[in-house]
Every structure is written in C-alpha cells, then in structure tokens.
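Chain and residue survey
Chain by chain, the residues run as shown.
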Amino acid sequence: NPGAYKEFTRLDDPALFAMLKRWRQWGYNAIMAVAPNATGKHALSPFHYRPPDAVGGFAAEKTMLRRMHRLGFRVGIWFTTVGLDRAAPQVEARRDWWTHRPNLEPFYAWDSNAGNQFTGYAPDGDPASTGWRRFMLAELRSLLDRGWNGVFIDGCIPRASNHARW
C-alpha cells in the first residue's frame, strides 16, 4: 500500500530488504502478506492481488520474493473472498458471483446485523458460483506461479443460509 509505511513505498526498495534481514536475524522464517484494497472500505479485496505500478508492479514483486526466498523466508499471501463495497463495479458486473439469502436477496458480510436488516456492506464470493470459482482459481494460480509459497483463503466457508442457491 503506497505511503502506508514510512520506511519504504515499493516492493523492491532496499529499505524493505534491510527490514526483512533484521526480521530473519530475530528468528522469523515466514511472512504472511496482505494485498491492499483498491475498491473497498477495508484493507482487503478479492480483486487486488496484482501489484500496482505505485509499488513497482510485477518486476518489483519478483525482486521482493527473490530477496525473501534468498533470506530463507517462506512467503504466503492472504486471499479474501470479501471486502468490496456493495456498489463496486466488480459486484455490479458479476451479480451471480456473490452469496445470496434463501429469498435470493444478496447477502452482505461485515456489519450485517438485525439493526440494519442484515444488510452489511460487503458481498462475499459464493463458492457455489462457477464464475467465482474460475476467477478465484485463476488468481490463486497466478500468485503461486509468480513465486508465492502459499495462499491462505479466508471467507470461502458456507455459513448459515447465505449459500442458498445450490
């Protein structure tokens, strides 16, 4: 996330490498990264796992991962299925990718409660949706092909009645 850290702003910044060296000296051997969100209120989004130009793009990501691996780190990334705003263009363009309640109304995670008639702001990727599964698998393959050692998939769990279109 450009500007979020004072020490560095690019994935290939030598200051980042110096910080990682310190962490390795302290005994750390694994890193779990989180991608920044370009379309939602929170720091997560299923549509932002490709490094933007502002942090150096794919070339900087490759340099970062190479340096981390050289230091002996195993590097994973946290992939989420939730985090977009309800009105995000990605949601509107793919209405069938998101979870729905039994009455076929969209289910919105995060801040969904009885006080707001269970209309939180963030749709959740529906594992029963073929389009969603294809997108998610392509993103996960891309991450692994680019050199990430693993991916933690968060949010891909049917809960309550929100995956009702089976």
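Coordinates for the structure precede this section.
Remember, it's a predicted structure, so these values are computed and weren't measured experimentally. (Residues numbered from 1 in each chain as written. Predicted model: local features only at pLDDT ≥ 70, side-chain atom pairs only at ≥ 80, totals over all residues. Heavy atoms only, no water.)

**Here's the deal with the nonpolar core**
- Ranked by internal contacts, the top residues of the largest apolar core, which has 25 residues, are Met68, Val75, Leu143 and Trp148.
- Listed by contribution, the elements that provide at least two residues to this core are α1 (14-25), β1 (30-34), α2 (57-71), β2 (74-80) and α4 (130-145).
- Sort the elements by how many residues they give to this core and α4 lands first, with 5 residues.
- Setting aside its immediate chain neighbours within four residues, Leu143 contacts Tyr49, Ile77, Phe79, Trp148 and Val151. (Core = buried A, V, L, I, M, F, W, Y, C linked by side-chain atoms within 4.5 Å. Buried < 20%, exposed > 50% of the residue type's maximum accessible area, 1.4 Å probe, protein only. Helix = DSSP H or I, 4+ residues; strand = E, 2+ residues; numbered from the N terminus. Contact = heavy atoms within 4.5 Å.)

**With respect to α1**
- The first and last C-alpha atoms of α1 sit 17 Å apart over 12 residues, in line with the 16 Å expected at 1.5 Å per residue.
- Residues of α1 that are buried: Leu16, Phe17, Met19 and Leu20. The buried residues of α1 all sit within an arc of 160° when viewed along its axis, so they share a single face. Opposite the packed face of α1, turned more than 90 degrees from it, sit the exposed residues Pro14 and Gln25.
- At its buried positions, α1 is contacted by β1 and α2.
- Residue Gly27 follows α1 closely and has a positive phi angle near 105°. (Expected span 1.5 Å × (residues − 1). Arc of directions from axis to C-beta.)

**Topic: α2**
- For α2, which comprises 15 residues, the first-to-last C-alpha distance of 22 Å matches the rise-based estimate of 21 Å (1.5 Å per residue) to within 8%.
- Residues Gly57, Ala60, Glu61, Thr63, Met64, Leu65, Arg67 and Met68 constitute the buried set of α2.
- Among the structural elements, α1, β1 and β2 are those in contact with the buried residues of α2.
- With its phi angle positive at about 100°, Gly72 sits one or two positions after the end of α2.

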